[in-house]
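Structural overview
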Amino acid sequence: MKNFWLEDEDQTYALKPVKRKDIIAAEKQLGVELPALYKKLVKKQNGGYIQRTLFPISFVTDHVEEFIEVRSLYGIGEDGILDTDYLIKEWGLPSDIVLLDGDGHTWVALDYRGKKRNPSVVYLEVEEGNEFQLAESFDEFIAALQEEEFDEEEEEMVDDMDIPDLNNISKRDAEDIFRTSEDEILIRSVIINIPLVAGDMNWMLDQLIYLLKKRDTEGIAESVADFLLIYSRFRSEMDDSKYTSLMKKLRSLPYPGVKMDLEMIDENN
C-alpha cells in the first residue's frame, strides 16, 4: 500500500530492510504465519510511523474513547515483533500473541491463540486486565485506520473543497469517480477505502477491469493489486473469469509493487 508509512527522517522506529529469508526466519522463531499484508508492508519499510493513526472503537475505557491511537507498527527484528516473547514476560501478557505497537500499559497485537495463521487483532490494557478484539484480521484492521482530523486552521483551508467521505462513499459515487475523475490519488483512495461486503465483490471487479483498461499506470495497478490482496478472503465470492482477467493484466505489468502483491496473493492461495 503506497503512502502507508509516514516519512521518518531520523528513522526512530524503522528497522533495517528485510528480505524474504528474514521474514521466513521470523515466522519460524515466532511459530506463526504472519499476515500477507503485514509482510508486504514491511518489505516496503520495516516498521515505523504510519500515516493513518486512528482506529475507531465502540467501547470506552479509562485509556480510550472513540479511537485507539496507533502511531507506529513494529517491524521485523529486535526492537520489533521479535521482542514479543520478552515483552510478554515483562508485562504479563497472554501467550500466543505478536505485538504490533504499545507502551507497556496498552498494546495492539496479533492474536494467534488457538491457531498459527489468520490472526485477529486485539487491544490490551495491562493494569485493568481489559482485552478487546479490534478486527477479525490484520487486513480489516489496516483498512479501518483513519487519518487524524484537521485542526480549525486546516479546516478553513479546505472548507470550500469537495472532499468525499471515503469511509461512507456509495457504490454509485465510486463508479462516477472511476469513470469521470482524472485525480489518480482520489481514485486510488476510493479503491482501498470504499466499504464493501462479499456481495459487492463482482461489482468491484468490473470497476477494476474498467480502470486498468482506461489507465494502467503504476499507481492504479498497485492499488488494484492491493485490493485483491486485502480482499483475498472473499476469493470464493469472486467470478473466476473476472478475477483471472484482472490477474492476467496485472502479471503483464512491470511494476515492482504489483509483482510483490501478486507474490503475496499466490502465497495465500
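Here's what I pulled together on the structure shown here.

What counts, and at which threshold
Residues numbered from 1 in each chain as written. Predicted model: local features only at pLDDT ≥ 70, side-chain atom pairs only at ≥ 80, totals over all residues. Heavy atoms only, no water. Pairing = 2+ DSSP bridges. Helix = DSSP H or I, 4+ residues; strand = E, 2+ residues; numbered from the N terminus. Phe/Tyr/Trp six-rings, centres within 6.5 Å; stacked < 30°, edge-to-face > 60°. Lys NZ or Arg CZ within 6 Å of the ring centre and 35° of its normal. Core = buried A, V, L, I, M, F, W, Y, C linked by side-chain atoms within 4.5 Å. Buried < 20%, exposed > 50% of the residue type's maximum accessible area, 1.4 Å probe, protein only. Contact = heavy atoms within 4.5 Å. Axes fitted to C-alpha atoms, helices over the stretch in contact; angles between N-to-C directions. Salt bridge = Lys/Arg side-chain N within 4 Å of Asp/Glu carboxyl O. Parallel < 35°, antiparallel > 145°, perpendicular 65-115°, else oblique. Nonpolar A, V, L, I, M, F, W, Y, C, P; charged D, E, K, R; others polar. Expected span 1.5 Å × (residues − 1). Patch = residues over 30% accessible without salt bridge, like charges linked within 9 Å, V, L, I, M, F, W, Y side chains within 5 Å. Areas by Shrake-Rupley, 256 points an atom, 1.4 Å probe, with all protein chains shown as cover. Lys, Arg positive; Asp, Glu negative; His and termini not counted. Charge placed at Lys NZ, Arg CZ, Asp CG, Glu CD. Left-handed = near helix turned anticlockwise from the far one by under 90°.

Glancing now at the pairing of strand E3 (residues 65-69). Sheet topology places strand E2 (residues 54-60) next to E3; four bridges connect them, and they run antiparallel. When the bridges of E3 are listed, proline 56 appears paired with phenylalanine 67. Counted between consecutive antiparallel strands, the loop separating E2 from E3 contains four residues.

Applying the stated criterion to the full structure yields nine aromatic pairs. The residue whose ring lies beneath arginine 179 is tyrosine 210, and the NZ or CZ to ring-centre distance is 4.2 Å.

So, about the nonpolar core. Grouped burial of nonpolar side chains is what soluble globular proteins tend to show. Core analysis: the biggest nonpolar cluster contains 86 residues, and Ile68, Leu134, Phe138, Phe141, Ile191 and Leu250 have the highest contact counts within it. Ignoring sequence-local partners within four residues, the contact set of phenylalanine 138 consists of Pro35, Leu37, Tyr38, Leu41, Leu73, Leu100, Leu110, Pro119 and Val121.

A few words on the sheet that holds strand E5 (residues 97-102). Here we have four strands laid out as an open sheet, ordered E5-E6-E7-E8, and antiparallel in their pairing. At either end of the open sheet lies a strand with only one pairing partner, and these are E5 and strand E8 (130-135). Looking at each pair of strands side by side, their axes are set apart by 30 degrees on average, direction ignored. Taken together, the five bridges between E5 and strand E6 (residues 106-111) define a ladder with antiparallel strand orientation.

Glancing now at the pattern of salt bridges. Across all of its chains, the model carries 17 salt bridges by this definition. Between aspartate 226 and lysine 40 there is a salt bridge, and its shortest N-O distance comes to 3.3 Å. Taken as a pair, aspartate 226 in helix H9 (residues 218-230) and lysine 40 in helix H2 (residues 36-44) lie far apart in primary sequence, 186 residues in all. Owing to a relative accessible area of 2%, aspartate 226 belongs among the buried residues under this scheme. Residues aspartate 261 and lysine 40 are paired through a salt bridge, measuring 2.8 Å at the closest nitrogen-oxygen approach. Pair noted here: aspartate 261 is in helix H11 (residues 256-268) and lysine 40 is in helix H2, with a separation of 221 residues, a long-range link.

H9 packs onto helix H7 (residues 184-193) with a crossing angle of 5 degrees between their chain directions and a minimal axis gap of 9 Å. For the element pair H7 / H9, the angle class is roughly parallel. When H7 is examined against H9, the residues Glu184, Ile187, Arg188, Ile191 and Ile192 are found in contact with a partner set consisting of Gly219, Ile220, Ser223, Val224, Asp226, Phe227 and Ile230. Within the contact of H7 with H9, the residues separate by chemical class into seven nonpolar, two polar and three charged.

As a further point, take H9. Helical geometry: 3.6 residues make up each α-helical turn, so side chains three or four residues apart lie on a common side. If you check H9, its first and last C-alpha atoms are 18 Å apart, about what 13 residues at 1.5 Å a residue would give, namely 18 Å. Burial analysis of H9 places twelve of its 13 residues in the buried class, the great majority of the element. By the burial criterion, the buried members of H9 are Gly219, Ile220, Ala221, Glu222, Ser223, Val224, Ala225, Asp226, Phe227, Leu228, Leu229 and Ile230.

A cluster of acidic side chains, namely Asp62, Asp103, Glu127 and Glu128, defines a negative patch on the protein surface. Note that aspartate 62 resides in the loop between E2 and E3.

The next point concerns the packing of helix H8 (residues 201-214) against helix H10 (residues 240-251). A pair of packed helices is characterised by two quantities: the angle between their axes and the separation of those axes. Contact geometry for H8 and H10: axes closest at 10 Å, N-to-C directions at 30 degrees. Classified by the angle their axes make, H8 and H10 are roughly parallel. Judged by the sense of rotation from one axis to the other, the crossing of H8 with H10 is left-handed. Where H8 approaches H10, its residues Asn202, Leu205, Asp206, Leu208, Ile209 and Leu212 are matched on the opposing element by Lys242, Tyr243, Ser245, Leu246, Lys249 and Leu250. Its residues assigned to classes, the contact of H8 with H10 comprises seven nonpolar, two polar and three charged.

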